[in-house]
Amino acid sequence: MSYLELSSLQKRYGNAVAVDDVSLSIERGESVALLGPSGCGKTTTLRMLAGLVAPDRGAISLDGTEITRLPPHRRNMGYVFQSYALFPHLSVARNIAFGLEERGVGKREITNRIEEALALVRLAGLGLRRPKELSGGQQQRVALARALVIQPSLLLLDESLSNLDAKLRDAMRHEIRSIQRSLGITTLFVTHDQVEALTMCDRIAVMHRGRVAQIGSAEDIYERPATRFVAEFVGRANVLPLARDGQGRATVWGQSLPVDAAADSDLFVRPQRMRIVPVSEPAGGDTARLTGRVLRSVYVGDHVEVLVEDGGHGQLTVEMPSGTAVPADGAEVAVVWARSESRIFAREAS
Ligand code: ATP
């Protein structure tokens, strides 16, 4: 049995199923992201873990003990909200002390632990300030210190960084990750931001419509998406409609391709896994190849996006590293990629 087990959790609101049969096994010290679009059930799952929402069905166990019906204050979990949720009238130190006072920890120990927690989040010396005298990033550090000071069995982060500007968010991601690792604290965090999931966790659970569509390392999810939804949601993909020619061979844009295609399916290829070569260059044995015309190129800093179309059939995007020679608009080109980079998913009934 893993340190944290979620077994077939379900939560309905009226007729709507917010969380539908979620099962997860998380090891001690692991950091796992719940990643998914708005409304897929991430926050509801986290709130069930914290005891803020009661599941209709299923069970949660932590360190071998079932906690499904335990009230929040008996779960020993640190929860960091998007809004920080600090007490505005209390000093930073008193905010951090709150959970310790509730637990009846002695005064001297509280003082020591506040000092330690402030140092951990790099706010030493700011204990006497009020939250409004701090920047957003500093307030979020106080919220983190408050969650960590109780030495929680589980740290829960709910979109905790989304109020920060891009640069600060990036710095905080690395900082939280290194604190999480150094303390060895089991962490679950909710995000709809892929980069956040990739930088802050050991494994990602991609959620879709109240279910876990796939759980795995960042590489598993990106390189071997289990479902069409995961392939579309994580990273970018060209989605090319597959058809069959008279001999039953797979075609895209009326051109045959060396892939095994089922009927009513689409071929997925990541734009950065495709290359543009001269039309005269023959395809190798393990290479898939389509010809088309460059519609336009867009320079986006670290790479160039080249849009290639085939007269009326469709378009695809190739990502080329900046600094490489980009073909002119209107040029006839061949787009090639390793066959192993192709993923095929059934077309969804709409
Ligand atoms: P977001 O990223 O937007 O926060 P989420 O993935 O965290 O989304 P949840 O907040 O878990 O999603 O919501 C899942 C579904 O349950 C949504 O359709 C939402 O509208 C619904 N829902 C959540 N809380 C309640 C509630 N208290 N009452 C009724 N419906 C709710």
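Residues numbered from 1 in each chain as written. Predicted model: local features only at pLDDT ≥ 70, side-chain atom pairs only at ≥ 80, totals over all residues. Heavy atoms only, no water.

*Asks:* Tell me about the nonpolar core, residues and numbers included.
*Replies:* In this structure, Ile96, Leu144, Leu155, Leu157 and Val206 are the most contacted members of the largest nonpolar core, which totals 45 residues. Counting residues per element, this core draws most heavily on helix α4 (residues 136–148), which supplies six residues. Listed in part, the 27 residues of the second largest apolar core include Tyr3, Leu9, Met77 and Leu188. (Core = buried A, V, L, I, M, F, W, Y, C linked by side-chain atoms within 4.5 Å. Buried < 20%, exposed > 50% of the residue type's maximum accessible area, 1.4 Å probe, protein only. Helix = DSSP H or I, 4+ residues; strand = E, 2+ residues; numbered from the N terminus.)

*Asks:* Residues and numbers for the domain arrangement of the protein, please.
*Replies:* For the protein, the domain assignment lists domain 1 (4–233) and domain 2 (238–346). Distance from the C-alpha centre of domain 1 to the C-alpha centre of domain 2: 41 Å. At the junction of the two partners, domain 1 supplies nine residues and domain 2 supplies nine residues. Contact between domain 1 and domain 2 buries roughly 850 Å² in total, counting both sides, with carbon and sulfur atoms accounting for 42%. For domain 1, the biggest contributors to the area lost against domain 2 are Tyr222, Glu223 and Arg228; these three give 64% of the whole. Seen at the junction of domain 1 and domain 2, the total is two salt bridges. When the shortest N-O distance is used, the salt bridge between arginine 228 and aspartate 266 registers 2.7 Å. (Domains from an automatic or database assignment. Contact = heavy atoms within 4.5 Å. Buried area = accessible area lost by both parts, 1.4 Å probe. Salt bridge = Lys/Arg side-chain N within 4 Å of Asp/Glu carboxyl O.)

*Asks:* Help me get a handle on the pairing of strand β10 (residues 211–216), residues and values and all.
*Replies:* As judged from the five bridges shared by strand β9 (residues 203–208) and β10, these two strands associate in the antiparallel manner. Its bridge partner lying in β10, methionine 207 is registered against valine 212. Where β9 hands over to β10, the hairpin turn is made up of two residues, of which arginine 209 adopts a positive phi near 50°. (Pairing = 2+ DSSP bridges.)

*Asks:* Run through the pairing of strand β6 (residues 77–80), naming residues and quoting values.
*Replies:* Side chains Met77 and Tyr79 project from β6 onto one buried face, and the interleaved Gly78 and Val80 project onto a second face that is buried too. The sheet contact formed by β6 and strand β7 (residues 154–158) spans four bridges and is parallel. Considered in β7, the bridge of methionine 77 is made with leucine 154.

*Asks:* So what's going on with the sheet that holds strand β18 (residues 303–310)? Residues and values would help.
*Replies:* Strand pairing in a sheet relies on backbone hydrogen bonds. The paired strands run either parallel or antiparallel. The strand order across the open sheet built from five strands is β16-β20-β17-β18-β19, with neighbouring strands paired in antiparallel fashion. Each edge of the open sheet is held by one strand with a lone partner, namely β16 (275–277) and β19 (314–321). For this sheet, the mean angle separating the axes of adjacent strands, direction not counted, is 50°. Here strand β17 (residues 287–299) runs beside β18; their pairing, made up of six bridges, is antiparallel. Paired with tyrosine 299 across the strands is valine 304, a residue of β18. (Axes fitted to C-alpha atoms, helices over the stretch in contact; angles between N-to-C directions.)

*Asks:* Could you give an account of unusual backbone geometry, naming the residues involved and the relevant values?
*Replies:* Its identity is not glycine, yet serine 8 carries a phi of approximately 45°, on the positive side. Within the fold, serine 8 resides in strand β1 (residues 4–13). One non-glycine residue, aspartate 21, lies in the positive phi region at around 65°.

*Asks:* Can you tell me about the site of the ligand, naming the residues and giving the values?
*Replies:* Close to the ligand lie Tyr13, Ala18, Pro37, Ser38, Gly39, Cys40, Gly41, Lys42, Thr43 and Thr44. Contact distances for the ligand include 2.7 Å between an oxygen atom and a backbone N or O atom of glycine 39. Cysteine 40 is positioned with one of its backbone polar atoms (N or O) 3.0 Å from an oxygen atom of the ligand. Looking at which element gives the most residues to the shell around the ligand, the answer is helix α1 (residues 42–50), with three residues. Grouping the constituent residues of the shell around the ligand by class yields four nonpolar, five polar and one charged. (Near = heavy atom within 4 Å. Polar contact = N/O pair within 3.5 Å; in protein donor to acceptor, adjacent residues only side chain to side chain. Nonpolar A, V, L, I, M, F, W, Y, C, P; charged D, E, K, R; others polar.)

*Asks:* Please provide a residue-by-residue account of the sheet that holds strand β21 (residues 343–346), values included.
*Replies:* Taken in spatial order, the three strands make up an open sheet running β11-β15-β21, and their pairing is antiparallel. In the strand order of this sheet, the two ends are held by β11 (238–241) and β21, each with one partner. On average, each strand axis in the sheet is inclined to that of its neighbour by 30°, with strand direction left out of account. By the bridge criterion, four bridges tie β11 to strand β15 (residues 265–269) in an arrangement that is antiparallel. Across the sheet, asparagine 238 pairs through a bridge with valine 269, a residue of β15.

*Asks:* Can you break down the packing of helix α2 (residues 92–102) against helix α3 (residues 107–120) residue by residue, with the values?
*Replies:* The interhelical angle for the contact between α2 and α3, taken along N-to-C directions, is 120°, at an axis separation of 10 Å. Considered as vectors, α2 and α3 are oriented oblique to each other. Relative to α3, the crossing made by α2 is right-handed. Listed contacts from α3 to Val92, Ala93, Ile96, Ala97, Leu100 and Glu101 of α2 are Ile110, Arg113, Ile114, Ala117 and Leu118. When its residues are assigned to classes, the contact of α2 with α3 shows nine nonpolar, no polar and two charged. (Parallel < 35°, antiparallel > 145°, perpendicular 65-115°, else oblique. Left-handed = near helix turned anticlockwise from the far one by under 90°.)

*Asks:* Before we move on, can you summarise the pattern of salt bridges with the specific residues and values?
*Replies:* Applying the stated criterion across every chain yields a total of 21 salt bridges. For lysine 11, the salt bridge goes to aspartate 56, with nearest N and O atoms at 3.6 Å. On the criterion of sequence distance, the pair formed by lysine 11 in strand β1 and aspartate 56 in the loop between α1 and β4 (57–62) is long-range, its members being 45 residues apart. Note on aspartate 56: relative accessible area 39%, which makes it partly exposed. The network of salt bridges with shared partners includes Asp170, Arg173, Asp193 and Glu196.

*Asks:* Break down the packing of aromatic side chains for me, citing the residues and quoting the values.
*Replies:* For the coordinates displayed, the defined rule picks out four aromatic pairs. Arranged with centres 5.4 Å apart and planes meeting at 10°, the rings of phenylalanine 229 and phenylalanine 233 form a pair that is stacked. Residue phenylalanine 229 and its partner phenylalanine 233 are located together in helix α8 (residues 228–233), separated by four residues, close to a single helical turn. For phenylalanine 229, a relative accessible area of 15% gives the class buried. Sitting above the plane of the tyrosine 13 ring, lysine 11 keeps its charged end 5.4 Å from the centroid. (Phe/Tyr/Trp six-rings, centres within 6.5 Å; stacked < 30°, edge-to-face > 60°. Lys NZ or Arg CZ within 6 Å of the ring centre and 35° of its normal.)

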